[in-house]
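Architecture and fold: a report
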Amino acid sequence: MPAQDNLNPHANAHLQGPLFQNALTTINEAAKLINCDPNILERLQQPRRCVTVSVPVRMDDGSVKCFTGYRVQYNSTLGPYKGGIRYHQNVDLAEVVGLAALMTFKNSVLGIPLGGAKGGICVDPTKLSRTEKQNLTRRYTSEIAPFVGPTKDIPAPDVGTDPQTMAWFMDTYSQEQGGYAQPGVVTGKPVEIGGSLGRNHATGLGVIYTCERAMELKGKSMQGAKIVIQGFGNVGSFAAKFAAERGSRIIAVSDVSGGYFNGDGLNVPEMMAYVKENKSLKGYTKAQPISNAELLELECDALLPCALEGQIDVHNAEKIKAKMIVEGANGPVSAAATKILDKRGVYIVPDVIANGGGVIVSYFEWVQDIMSFFWDEHDVDAKLKGVILKAFDNVHKFKEEKNVDMRSAALAVSIQRLEKAMLLRGLYPR
Ligand code: GLU
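For the structure given in this document, a descriptive report is provided here. (Residues numbered from 1 in each chain as written. Predicted model: local features only at pLDDT ≥ 70, side-chain atom pairs only at ≥ 80, totals over all residues. Heavy atoms only, no water.)

Topic: the sheet that holds strand 3 (residues 81-88)
Here five strands make up an open sheet; going across it, the order is 1-2-4-3-5 and the pairing mixed. Two strands bound the open sheet, and with one partner strand each, they are strand 1 (49-58) and strand 5 (153-157). Neighbouring strand axes in the sheet, compared pairwise and without regard to direction, differ in orientation by 25° on average. Relative to strand 4 (residues 116-122), strand 3 runs parallel, the two sharing four bridges. Paired with Ile 85 across the two strands is Gly 119, which belongs to strand 4. Taken strand by strand, helix 4 (residues 130-144) contacts strand 1, strand 2 (64-75), strand 3 and strand 4, and its axis lies near 140° from that of strand 1. (Pairing = 2+ DSSP bridges. Helix = DSSP H or I, 4+ residues; strand = E, 2+ residues; numbered from the N terminus. Axes fitted to C-alpha atoms, helices over the stretch in contact; angles between N-to-C directions. Contact = heavy atoms within 4.5 Å.)

Here it is in structure tokens:
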């Protein structure tokens, strides 16, 4: 075969983003640990399908504005595609590709029968009225409708979207399918229309289940532990709540309005109530203000980055004083920073396990929708604990056997499962 060295270098511009490039670095290293078949590795390095759509929206002033939306389907070897939808001003195709890849490896390492996908719209949702957000969601749903469905691809909430967004998504999809209710097309719905009990707090609870397990391994307990949390959205606020309930001292949290510090421990329920009322922590006075950089560099037992990707890289990795990092967000610590922190003895629970609670309970929600039979909250929380800790223990065992960091171990276990399944299914047409 002649070498394929005359290819247009821009053809793969969407694979050049930092989040995806970071993921590729870890994927390639992890693949070596398990001697992954090179043909499988080749296939795992690209998304299967990227859909870009224009989303025209009637704004409240009568004008029409077009936003750009995406749905990236990365891999469906293990089951229907699964992954959230992000509304944020920094969304682009390259970011969604990175997030879709993470979903693929997350679902695989967690042992759930789903592939990986992600969606998003480049929009600042805080600047939209409720009507505009609804119009945006309904038109986006309609544009990607040919590619989603309860047996094809099942979206869910992510940064900037919530149960109400999922309700509009489900309603629009159902109306376009002849008006018959199709609850299984999205997860993270309100419970009244087929959502699962325990889904809303699932990601935060999973973060704390894995943090607790990592503490146990270090001979420590959540009781009295000093915790710092970046982000106070769905993931960060529930992680703070569940940690505080276990007797931890939450010494700092942050959100878009800035960082909030109290060495004696913040009053988490009060702060959650404040956000419900005021949309953010802006104006909360019962804490000392601190910057994002200061928050990340605080001395603590566990740092929980629960906001966005790219927070800890080579520039600040040396300054991190946390004893442990539990990644509530997707991609908050770069591959290079992971190496630096690992060398310094900082234990990292990687995103694909730490924030897996969300998609695990999404999987439960999808199963409940298919059965039309719903479980109680205690059942959901207990099943979540079983699935997430099984994955954690499995990965920790691999880490100990191979003497590698947890991120490489998680990716290796994940790739191993995908490799077996891909070899069994083979290449179509061949
Ligand atoms: N957006 C969440 C994640 O990044 C949840 C995805 C889902 O529930 O499908 O894992």
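What follows continues from the structure just given.
Re the pattern of salt bridges
Per the stated rule, a full pass over the model turns up 24 salt bridges. With a shortest N-O distance of 2.8 Å, Asp 393 and Arg 213 are connected by a salt bridge. Within this pair, whereas Asp 393 is found in helix 13 (residues 377-402), its partner Arg 213 is found in helix 6 (residues 202-217), the two being separated by 180 residues in sequence. For Lys 397, the salt bridge identified is with Glu 401, shortest N-O distance 3.9 Å. (Salt bridge = Lys/Arg side-chain N within 4 Å of Asp/Glu carboxyl O.)

Here's the deal with a positive patch on the surface
A cluster of basic residues, Arg 43, Arg 48, Arg 49, Lys 152 and Arg 425, forms a positive patch at the surface. Within the element layout of this structure, Arg 48 appears in the loop between helix 2 (38-44) and strand 1. (Patch = residues over 30% accessible without salt bridge, like charges linked within 9 Å, V, L, I, M, F, W, Y side chains within 5 Å. Areas by Shrake-Rupley, 256 points an atom, 1.4 Å probe, with all protein chains shown as cover. Lys, Arg positive; Asp, Glu negative; His and termini not counted. Charge placed at Lys NZ, Arg CZ, Asp CG, Glu CD.)

Things to note about helix 6
In this model, helix 6 (16 residues) spans 23 Å end to end at C-alpha, consistent with the 22 Å of a helix rising 1.5 Å per residue. With respect to burial, helix 6 is a largely interior element, twelve of its 16 residues being buried. Immediately downstream of helix 6, the backbone of Gly 219 shows phi near 75°, a positive value. (Expected span 1.5 Å × (residues − 1). Buried < 20%, exposed > 50% of the residue type's maximum accessible area, 1.4 Å probe, protein only.)

Concerning the packing of aromatic side chains
Tallying each qualifying case throughout the model produces eight aromatic pairs. On the basis of an interplanar angle of 45° and a centroid distance of 5.9 Å, the ring pair of Tyr 363 and Phe 364 is categorised as tilted. Overall, the relative accessible area of 5% leaves Phe 364 in the buried class. Here the aromatic rings of Tyr 363 and Trp 366 are separated by 6.5 Å at their centres, their planes lie at 40°, and the arrangement is tilted. Separated by three residues within a single helix, Tyr 363 and Trp 366 lie in helix 12 (residues 357-371), roughly one turn from each other. Residue classification places Trp 366 among the buried positions, given a relative accessible area of 12%. One aromatic cluster is present, built from ring pairs that chain together Tyr 363, Phe 364, Trp 366 and Trp 375. Over the ring of Phe 67 we find Lys 65, and its NZ or CZ is 5.3 Å from the ring centre. The side chain of Lys 383 reaches across the aromatic face of Trp 375, ending 4.6 Å from its centre. (Phe/Tyr/Trp six-rings, centres within 6.5 Å; stacked < 30°, edge-to-face > 60°. Lys NZ or Arg CZ within 6 Å of the ring centre and 35° of its normal.)

Quick look at the packing of helix 1 (residues 18-33) against helix 14 (residues 406-425)
Contact pair helix 1 / helix 14: the axes reach a minimum separation of 8 Å and the direction vectors enclose 70°. Comparing their axes, helix 14 and helix 1 come out roughly perpendicular. Two packed elements cross with a definite hand, and for helix 1 against helix 14 that hand is right-handed. Residues Thr 26, Ile 27, Glu 29, Ala 30, Ala 31 and Leu 33 of helix 1 form the contact with helix 14, whose participating residues are Arg 407, Ser 408, Leu 411, Ala 412 and Ile 415. When the residues that make up the contact of helix 1 with helix 14 are grouped by side-chain class, the tally is seven nonpolar, two polar and two charged. (Parallel < 35°, antiparallel > 145°, perpendicular 65-115°, else oblique. Left-handed = near helix turned anticlockwise from the far one by under 90°. Nonpolar A, V, L, I, M, F, W, Y, C, P; charged D, E, K, R; others polar.)

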